[in-house]
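Examination of the molecular architecture
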Amino acid sequence: MLHIALHFVVPAGLALAIDRERWLRTWLILVATMLVDLDHLLADPVYDPARCSIGFHPLHTTPAIVAYGLVLFGPRALNAIGALRDEAIIWMLQLVGLGLIVHMVLDGIDCLT
Ligand SMILES: [Zn+2]
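Just so you know, these numbers come straight off a predicted model, no measurement behind them.

Analysis parameters
Residues numbered from 1 in each chain as written. Predicted model: local features only at pLDDT ≥ 70, side-chain atom pairs only at ≥ 80, totals over all residues. Helix = DSSP H or I, 4+ residues; strand = E, 2+ residues; numbered from the N terminus. Buried ≥ 20, exposed ≤ 12 C-beta atoms within 10 Å, placed from the backbone. Core = buried A, V, L, I, M, F, W, Y, C linked by C-beta atoms within 7 Å. Arc of directions from axis to C-beta. Contact = placed C-beta atoms within 7 Å. Axes fitted to C-alpha atoms, helices over the stretch in contact; angles between N-to-C directions. Parallel < 35°, antiparallel > 145°, perpendicular 65-115°, else oblique. Left-handed = near helix turned anticlockwise from the far one by under 90°.

Counting secondary structure elements, the chain contains 4 helices and 0 strands. The helix and strand sequence of the chain, counted from the amino end, reads α-α-α-α. Seen through its principal axes, the chain has C-alpha atoms that stretch 45 × 30 × 20 Å. Looking at the chain as a whole, 20% of its 113 residues qualify as buried.

See the structure below:
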């Protein structure tokens, strides 16, 4: 239960830290990345409290996590070379990437316990 709560509380802290004026919108975007857990629907059983998500579910594997890193850092790199100029899109992609990376870190911590 603590694990699930952290998926809401940690993004709230991040949202307040990085965008205090629009924290609610930022928090909603970060929390929306929990949709990545839809890959649990492919598992049998769907939920197993003893199972480590990292490396088991398709969207929790290393290639997926690398892709999330690209979503986080890629937009700013593309902006630097002039290939992506829309700051709103850059910000949105970075939030999605950040939310996904934070999600994987929290799931990873859960694997340690
Ligand atoms: Zn997960």
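The rest of the description comes next.
Side chains of a nonpolar character, in soluble globular proteins, are inclined to be buried together. Grouped together as the largest cluster of nonpolar side chains are 6 residues: A15, W27, I29, L30, L95 and L98. Listed by contribution, the elements that provide at least two residues to this core are α2 (23-32) and α4 (87-112). It is α2 that contributes the most residues to this core, 3 residues altogether. V36, Y68, L100 and M104 belong to the second largest nonpolar core, which has 5 residues in total.

Summarising the element assignment, R25 is placed in helix α2. On the neighbour-count criterion, R25 (12 C-beta atoms within 10 Å) is exposed. When the C-alpha atoms of R25 and A15 are compared, they prove to be 8.4 Å apart, with 10 residues separating the residues in sequence.

The subject of this paragraph is α2. Within the span of α2, buried status applies to T26, W27, I29 and L30. Buried positions in α2, seen along its axis, are confined to an arc of 160° and lie on one side of it. Turned more than 90 degrees away from the buried face of α2 sit L24 and R25, all of them exposed. Of the surrounding secondary structure, the elements contacted by the buried residues of α2 are α1 (2-18) and α4.

With that settled, the discussion passes to unusual backbone geometry. A cis geometry characterises the amide bond from D44 onward to P45, with omega recorded as 5°. Locating P45 in the fold gives a position in the loop between α2 and α3 (62-80).

Orientation of α2 relative to α4, taken along the N-to-C sense of each, is 50°, at an axis distance of 8 Å. With respect to α4, the axis of α2 lies oblique. The hand of the α2/α4 crossing is right-handed. Of the residues in α4, those touching α2 at T26, I29 and L30 are M92, L95, V96, L98 and G99.

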